[in-house]
Every structure is written in structure tokens, then in C-alpha cells.
Amino acid sequence: MDDFERAIRVIFTQDPSIGAAVREQANAYCDGIKARPDGWRICWDRFSQTDALEVKFWCAQVILQAMGSMAPEARLELRTKVLGWLGEVVPNTQQEVVVKNKVALIYVGLARLDYPASWATAWQDLMGLMDKGLPLVDFFLRVLAIFDQEVISDEVQRSQEDRQRSHQIKHAMRERDVVALVECWYRILTTLRTSAPQMVSDCLRVASLYIVWIEILTVANDKFLSAVCSIIAEASASASEACECLAAIISKKMPAGKKMMMLSELRVCARLEACVQKGGTSQQLLKEAEMLNSIAEAVLEAYVDLRVQDAQSASAAQVAWDSISALMPLIFWFFVHQEHQIAVCLEPFLTEFFVKVKSFVKGAERQEMETAPCHSVSLEQVRPILMQTLQLIIQRTAYPAWFQHHDPNIEDDEQHALFIRFRKSLAKIYKRIFLVDEQLGLQFVQASTAQLTQNLAGVQPMEVDAVLYLFKETGEIVKQLDQHLQAKGPLASAFVQLVECEALVNADHWAVQLALMEVYVRYGRLLALHPDLFPRYGQRVLQAFVSRGIRSSNAHVVSRACFMFGRFMKLVKAQAAPLVAQIQEALQDLLVVQYVPSALVPVQAEVSLTKVAIKGSLKADDQAYLFEALANLATASKPEELRPKLEMLLKGPAQNLTEILGNRAPGNDVAGCAGWAGRNIEAIATVSKPFTVQHASTAPAWEEVLVVVARILEKFVNQMSREIGLWRAALFLCRRMVEVLGDRFLEILDTYLPFLYATNDQADLAELTVFAHQLVCQYQQKTGPYLQKWLPQIFLRPFVVWQQLPEQSEQLKREKLELSSALLQLLKEAALRCPGAILEPMLGNTRHGQEIIGFLLVGLQDARELKPLQYAANAWAALLAAMSAESAAAITAFPMAQLLQRLLWSVVRMDYSDFQSQKVLNEASSILHSVMNRTQPQVHLQQTKETFQQALVSALPGLRSEAAPRRLCEVLSQDCSVKDVRTALQQCALDWRRECG
């Protein structure tokens, strides 16, 4: 071993005993070799002499790096050496893969530089070596694969120069060498199938790469296709690659007419039928299915193209349609395969086919095309395909046995996610078939439901689910379903037939019950449109909801049933209303609001005590669905029955609250009792959801229960934490009572606010502030007296918490911004609806009045936050407008200098691409119009003008042109309209941003 090899080995070794100095010396030595003009020659000589892998690798890499700068004579010398090494060394020695790849890269590099001008025989030289043995065949295929990646493939991003060079090389290869290359591939496929199957696979992969751009007839001929198809038919180790190769041939881009002529002459459909191995392994069938899908897509694309061409293309279009028809039996065979991964492969073609097939049918094209196509098919020709697809869709829609329905992580599992997507695609295909032939679709639905009900005992639960799922989907497809049901169309008959089947309605399987619930809700409208059907079928559905759904042993079925029960009740509200007492009695034990000890809540639980359920009882949300469903029925009662039915619903929760007040609750668990109270209050609020102010007869019942709730809040005023849930329940009830009692609730609310504002939680206070905003919007001026009374509480509690909120992270900043936005929105609405309630403390020098002034000024200071800026500007505009109407002189009581300075600064710098900026601009213009009101005393007006001019100068630093500011001052001094002020103000902002921004 000389110094050269020793240096290379030092570079590659991981031996820790070799010091940095030695490594540095080795690198310097090797860099010296690289830098020599004949360095590549030294490296090739060493490459061909040494057996050390790292030395071979390093030398080949140096040669690769040097080729770009080598003179043509040097490349010729290198080419001669490489060909000599290939012919003399490779047949007789075993080379490492990495070495073969490096030499192949060298060969490719030389061909890229010199073919065809300086090395016209590059491919002939390579093909001439193949007779020297399998190692050279391997090298031949290796060079072709690398050549595609390095020079030819369009999938690799290349420079314009490289693309031009690639086009030149491809053109030369088509003219000179492609025929010979394909002949070599044919020899490999036919002679090495048994002795070297891996090389056959490699050859097919290479052929697939080159088919994209070579002349198609070199491979699309009887000789080559027979070789490829025979490999598929034998189900050999190379069958998968053969499938990909055949698909590449058929899918090659070419004129549609030429493609169909080729497919017809080569009898491709017959070849497919002969070579596809229906008894092969799953992996082979998967590849065959992918191949079939690609071929079918190519034929469909050709047909779509040909049918819109001139009349001369009609015969080719007919060939294309005949080919599609011929492929369908094979497509359906794969589509119905028991392994859904195989069926999934055909979904892309079927989806595309049914997206387009409607336009193929005679008559449909008149609606979708400007000119008549040269080829169409009749509905009778398409119907067999439609019908067979419908039958197969039911089979494929059924969940496979391996599907884990109750695993919460199934969406993360690739196999499960694939099937879910597949099922959705099948539903889309199903809908497309209806668009083509609705009559056939409805006949199919009737037949499938009839077959289901007549042979239910022999049908698996997941197959039942599939039929019901598609029946439910049909209800979404049919236009104007109500009219269809009103006319007792086929879907109405099918629904009645399903409900008539007691064995089906009473089925125990959870999947069947879930599917039935979807059907009940989709078609339940029929029972309202035909009230005569309700006594028999409606009550049967109600009984099924209760006995098989709500009382199911499956928790998922229970939750879904409670939710869907409410939806069904809305559909048959008028018909079911007389049964509300019977239904409540049937559900009475499930409507009991259970006491839950606080000890059952985990220490770090992020759920309130009101959401915890005792084993065997309903979850809080499920119970709420039932309360709301029954309340919905109650609202459909006669006016004289409304209050008694409401009191019946409120009785249980109200009695529980009374027990708590009488200290008759279990144990001494204060937190548990507070949580129990919160859950009962939530139940009461849920019952109120269908009620409005128009149900005036129920007001006394609500007022009675509100008195009890107020006493509960007083009792547990120190148990208002988020974990208990009482505070949130009380706010929920208050929100509902605004809608239910209207003005009557204002007096009652007066007793609730102290308890609601007993919280210091930032999120709770933000919600409470939003509620206060809702009150002002709802009651408007009537809110004034109450707002004056409670403003210190309503404003100061959230304001103090807002002041103390940290801003160390983006999340904390966002939380603080949310609270400030809610407060500013409240002040804005109050200023618009009842300005006196805000102005009195602001002008009266009270603490909360001064804090409001300061807070409204803070709202103006950040031009980046447009929502708070808009709210603050809106509030100031409303307050100043109200003051101008009463006493213009009172405006000077506000800190005008700060107000104008912050307002103008933000207006000039806000983002004008945001639509909210225009609202801010409007409010700012209104503010300027108000503060420059000429009706105020002259001395005050002069002071205001000076203050405004100073603020304007401060807001526009560096502005050289004074035209826009001067115009704004003129507009304000002339008492022009707000619109004129807005135009002048916006021009100031635009000028400053153009010059200085």
C-alpha cells in the first residue's frame, strides 16, 4: 500500500486513534492529486488496480467531478479505458454495487457530453458488451436507469440548457439506437426469464421509463407485447413490473385516434383477459388491478377526446366505447374482490367514468355541449353497467371484518383511512348513477330494501348497514325530497317497508341501529306530510329510539340516539306533541339529574363537575338532548297546555334545587352540591331552548324557577370556580332568559349580576362581557338605568383583571387582546344605545369613569389591531356625537390632545388593505367632525384647532407636501360633511405613506 491509498483510507476511516494532524495531511495529499491536470488518469489507474472499496469509490468520484472540465481528447482516452475495463474486468470479477453505480455514472456522464457528435456508438458499444455475460447485462440496465435519472427524466428539475441537451439526445436516440435498445430488452425478457428473473424485472422497469418518450410502435407490437403479457400470465417474479410496463405502453400520450387503432390492432382487451391471473397472490392481483385501472383510464380519456371531434372520428370513438365495454367485466371482477385494497385500485377509473357518463348518453349532450358529438350511446347501452355497479357498491360499501369501529385512532391508521375514503368515493359514484338514470336508481333502492326485509335473517349486520347507508344517501340525491315524499314516491314506499319490518327495527346490532337512526331522520318528514301514517309508523320509530337506541348497552349508540331523537322530534313535532307526557314517563329515570360527589372529579381534570356522569346514567350532553327534544314537543302544545307541560319538564330539576336549599342534599360535600345545582340549572336552561317571548303563558313558571336559582347562587357564591360548573350554568340560563322573558328578565337579572361577577377568571369575564354586550343590543335604551347601576362592576372587574394579565407569550397576548376587545365592544354598544350611562361617570370624575376614558384611549393606540381600534373609535364617535347634540362645550372635558394624537397616529398607520380600516376611517372622520363643531364657544374652538394641528403634525412626521393637511384643516373649519372629512383624512394618510411610510 503506497501513500496514495493510505491517504484515502485515512480520510474514510473512523479510527479514533488517528489524530487531526494526520487527517489534515491525508486530505492535503488527496487534494493535490485532484488538482493535477492528469489527476483523473492517476485515479482511473488506481481504480482499475486496487481492490479496496473506499479507494475505488474515491477515485471514481474524482473522475466524475473532473469530467466537465476535461478536454475532448482526455474524454476519449477515459472512454477507451472504461470500455476496456468493462470488457476485460467486469465479466471475470464480482464488483460491489456502489462501484458499478459509480462506473455507470461515469459512462452516463461521457454519453451526455459526447453523444452523438463525438461518440455516435455510445449505445452500440454498451449493447455489444452484453454477450460477455450477465454482469454486463446488469451494467447495461444500470446505465439506462441512471441515464434516465441524470439526463432524460422530465420529473427532475433541470436548467434550460440541460433540457435542450436532453431533447437533442432523445432525438438522436430515436433516430439511431432505440430500435436496437428495445431488441435488447426483448432478448432479456425472453431468454433470462428463468435464469435471471431479477434482471427481467430491472429490464421491465427500465422499459417503463423509456416508453414515455420513445416511438411507441417499437414496443407496441405483437412481438414485444406477447413477451410482456406472457410474464404476467405466468405470474412470475417479474409479473408486477410487467403490469407496470404494459400500463405504461397503453397510457403513453398520443393522439386518441392513433391510440385506439393501436389497441384494436393489438387486441389489447383480449390480451388482458388472457394474461390476468384471477387466482394469483394478493400482491399480484393488486398490481394487475392498478394496471387495469391505468389502461381503462387511458381508453376513457381517448373516448372523451374522440367523441367531440369531427365525424371522421366516429369509428375510432366506437372502438373506444367498445373497448370500455369489453374491459368492464374484468374491472367488475377486481372491484368485487374480497380484499378491499384490490377493489380500491379501480375506484379512480369508476369515479371518472361516472363523472362523465351522463354526457355520453344521447340527449344529455344537448344540455352540456354547444355542438353535437360525433358519438353517443343510448341509456339502454349504459344501464347494464349502471346496474352492475349499483349491485357491487352495496358489497363494497359494507365494512370489512377487520375494521375496528370503536378504536378512536382509526383515522390515523392507513388501512382504515383508505377504506373510509373508498367508502366516500363509492357514495359519490352512487350519486352519479342517479344523475344518469334516476328511475333505475329508485328501482334499485326499492329492490334492495325489499330484498333486505324479506331475507333479513340471511344478511350480515354490516351488509344491512350498507343497504341502509345507501338508502339514506339516496335521500340526499333526490331533488325536492319533500315533494317526492308528499307524492308517496318509491323512497316513501321503501321507508315504510323498512319500518314495517319489526325484525329490522328491533335488531340488536349497534351498526344496524345507528344506520336506522340516520334513515329515520332522513325520511321522518314523511310522517309529518302524511299524519295518518304516524300512529302506526311514527310511534314504532319512537319506541325503537327509546328501547333500541337511548336504552342501548352500547355507549356510542346511546349518544347518537339521544342526538338523533331530538332531530326526529323536530320533524314530527305536531304529530308527537300529544305524546310528550308518555314519552317523558318512558324516559323518566334517564332524565333524573344525578348528584355526583366532587371526589369523583380527577384533580387535574379539564372538565367541570356538571359534565361528570355516574355509571349507568346518561352523559350530561346526552341528557340535554332529551330535555331539549321534549321541550320542543311541549312548545307545539295548545296555549292552555303549554305551562303545565313546561312545569312537568322543570319539576325534577327544580325539586333538586329546592332540596339543596333545604340542606337535604346528600352528605356535606359543598362542592358536589354546587356541581349538582349547576347540572340542574343547565337542565333548566336546556329546556328553555325552544321557548321564546311568544310563549308568554310560560313566563310565571320561568320566574318561579329563577327565584330558586337566584337563592342557589347566593348559597354557593364562593363555589363559582370553573371546575364546579355552577357559574357557567347560571350564565347559560341568563342568556336563555333574555330570549324567553324579554323585558321581564331585566328586573330579575338585577339580582343575578352580583353572583355572576363573583369570578376573577379571565375567560369567564370575557364571556360575561360578551353577555353584557348581548343585553345592550337586546334591550337598547331600556338597559340605561341598569347599566348606570352596575357599570362599576361590569367594567371594573374585567378591566382590573385585564390590567394584571401578563404578555410573556403570544398565547397570553391573544388572551389579553380578546378580553380588551370584548370590553371595547361593550363600551361601543353602550355608547350607541344608551350614551348617558357612559357619559355620566366619564364627566363626573368617578374612578370607573376615568378608567373608561383611559381604556378607550388605549384602544386607539395600536394601529396593528384593527378590531379594538374600530371599537374604540366607534365608542368615541358615538359619545362625542351625543355630547355635541346636548352641549358642545362639554367636549372639552375630555383629554382632546391624547384622543386626537392617538387617533390620527393610528389612522395614518393602519393596514388599508383590511376592510375594517374603512370603518375606522369613517369613525375617525366622525370624531373630527364632532370635536371641531363650530357651535362650541370660540375660545374652546380655537383651543381645539390648535390641539388638532399639533396632533396632525405629530402623526405625519417627515411629510413634505402640505396640500393634504391644509385641505383637511379647511374642510373641518368650513363645517363640511363627514364624507368630505373622510376624503381629506385619507389623502393625508396616503401622502404620508407614499413619502415616508
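An unreviewed UniProt entry lists the chain under the name Exportin-T, from Effrenium voratum. The record held by UniProt for the chain lists under Function (unreviewed entry) the comment "tRNA nucleus export receptor which facilitates tRNA translocation across the nuclear pore complex."

Peer 1: Provide a residue-level description of the environment of Ile-152, including the pertinent values.
Peer 2: Here Ile-152 shows up in helix H8 (residues 134-152). For the pair Ile-152 and Glu-628, spaced 476 residues apart in the sequence, the C-alpha separation amounts to 68 Å. In this structure, Ile-152 is in contact with Phe-147, Arg-158, Ser-166, Ile-169, Lys-170 and Trp-213, ignoring residues within four places of it in sequence.

Peer 1: Mind laying out the UniProt feature "domain: Exportin-1/Importin-beta-like" (unreviewed entry) in the chain, listing which residues take part and the relevant values?
Peer 2: Taking the numbering used here, the UniProt-annotated feature "domain: Exportin-1/Importin-beta-like" (unreviewed entry) corresponds to residues 98-246. Counting secondary structure, residues 98-246 comes out at 74% helix and 0% strand; the distance between its end C-alpha atoms is 31 Å.

Peer 1: Residue-level account of the side chain of Arg-75, with values.
Peer 2: Turning to its location among the elements, Arg-75 is positioned in helix H5 (residues 72-88). For Arg-75, a relative accessible area of 11% puts it in the buried group. Within the local environment of Arg-75, its side chain forms a polar contact with the side chain of Asp-114, the two groups lying 2.8 Å apart.

Peer 1: Break down the packing of aromatic side chains for me, citing the residues and quoting the values.
Peer 2: Across all of its chains, the model carries 42 aromatic pairs by this definition. On the basis of an interplanar angle of 65 degrees and a centroid distance of 6.0 Å, the ring pair of Trp-185 and Tyr-210 is categorised as edge-to-face. Here Trp-185, found in helix H10 (residues 178-191), pairs with Tyr-210, found in helix H11 (residues 197-211); they are 25 residues apart in sequence, far enough to count as distant. With a relative accessible area of 1%, Tyr-210 lands in the buried category. Plain terms: the ring middles of Phe-419 and Phe-422 are 6.3 Å apart, the flat faces sit at 65 degrees to each other, and that makes the pair edge-to-face. You can see Phe-419 and its partner Phe-422 sitting in helix H22 (residues 414-436), three residues apart, about one turn around the helix. Relative accessible area serves as the criterion here: at 1%, Phe-419 is assigned to the buried category. Under the relative-accessibility criterion, Phe-422 is labelled buried at 2%. Taken together, the ring pairs in this structure connect Tyr-303, Trp-321, Phe-349, Phe-353, Phe-354 and Phe-360 into an aromatic cluster.

Peer 1: So what's going on with the packing of helix H35 (residues 639-661) against helix H36 (residues 670-687)? Residues and values would help.
Peer 2: With their axes 9 Å apart at the nearest point, H35 and H36 run at an angle of 165 degrees to one another. Judged by the angle between their axes, H35 and H36 are roughly antiparallel. Like other packed secondary-structure pairs, H35 and H36 cross with a definite hand, here left-handed. Two secondary-structure elements touch here, H35 through Leu-646, Leu-649, Leu-650, Gly-652, Pro-653, Asn-656, Leu-657, Glu-659 and Ile-660 and H36 through Cys-673, Trp-676, Ala-677, Asn-680, Ile-681, Ala-683, Ile-684 and Val-687. By residue class, the composition of the contact of H35 with H36 is 13 nonpolar, three polar and one charged.

Peer 1: Any chance you could break down the pattern of salt bridges for me, citing the residues and the numbers?
Peer 2: Under the criterion given, the structure shown has 50 salt bridges. Glu-77 is the partner of Arg-41 in a salt bridge, and the nearest nitrogen-oxygen pair spans 2.8 Å. Taken as a pair, Arg-41 in helix H3 (residues 39-49) and Glu-77 in helix H5 lie far apart in primary sequence, 36 residues in all. The class of Glu-77 is partly exposed, set by a relative accessible area of 27%. Here Arg-966 makes a salt bridge to Glu-962, at a shortest N to O gap of 3.5 Å.

Peer 1: An account of the confidence of the model for the chain is requested, with residue identities and associated values reported.
Peer 2: For the chain, the average pLDDT comes to 90, and 96% of its residues sit at 70 or higher. In this model, residues 603-607 is a region of pLDDT below 50 whose contacts with residues beyond four sequence positions or in other chains number two contacts.

Peer 1: Describe the nonpolar core, listing the residues and the values that go with them.
Peer 2: Ranked by internal contacts, the top residues of the largest apolar core, which has 365 residues, are Phe-140, Trp-185, Phe-353 and Trp-702. No other element matches the 13 residues that helix H45 (residues 866-886) contributes to this core. Residues contacting Trp-185, with those up to four places away along its chain left out, are Phe-140, Leu-144, Cys-203, Val-206, Ala-207, Tyr-210, Ile-214, Val-219 and Phe-224.

Rules used throughout
Residues numbered from 1 in each chain as written. Predicted model: local features only at pLDDT ≥ 70, side-chain atom pairs only at ≥ 80, totals over all residues. Heavy atoms only, no water. UniProt positions renumbered as here; feature names shortened; annotations may be inferred. Helix = DSSP H or I, 4+ residues; strand = E, 2+ residues; numbered from the N terminus. Contact = heavy atoms within 4.5 Å. Buried < 20%, exposed > 50% of the residue type's maximum accessible area, 1.4 Å probe, protein only. Polar contact = N/O pair within 3.5 Å; in protein donor to acceptor, adjacent residues only side chain to side chain. Phe/Tyr/Trp six-rings, centres within 6.5 Å; stacked < 30°, edge-to-face > 60°. Axes fitted to C-alpha atoms, helices over the stretch in contact; angles between N-to-C directions. Parallel < 35°, antiparallel > 145°, perpendicular 65-115°, else oblique. Left-handed = near helix turned anticlockwise from the far one by under 90°. Nonpolar A, V, L, I, M, F, W, Y, C, P; charged D, E, K, R; others polar. Salt bridge = Lys/Arg side-chain N within 4 Å of Asp/Glu carboxyl O. pLDDT = per-residue confidence, 0-100. Core = buried A, V, L, I, M, F, W, Y, C linked by side-chain atoms within 4.5 Å.

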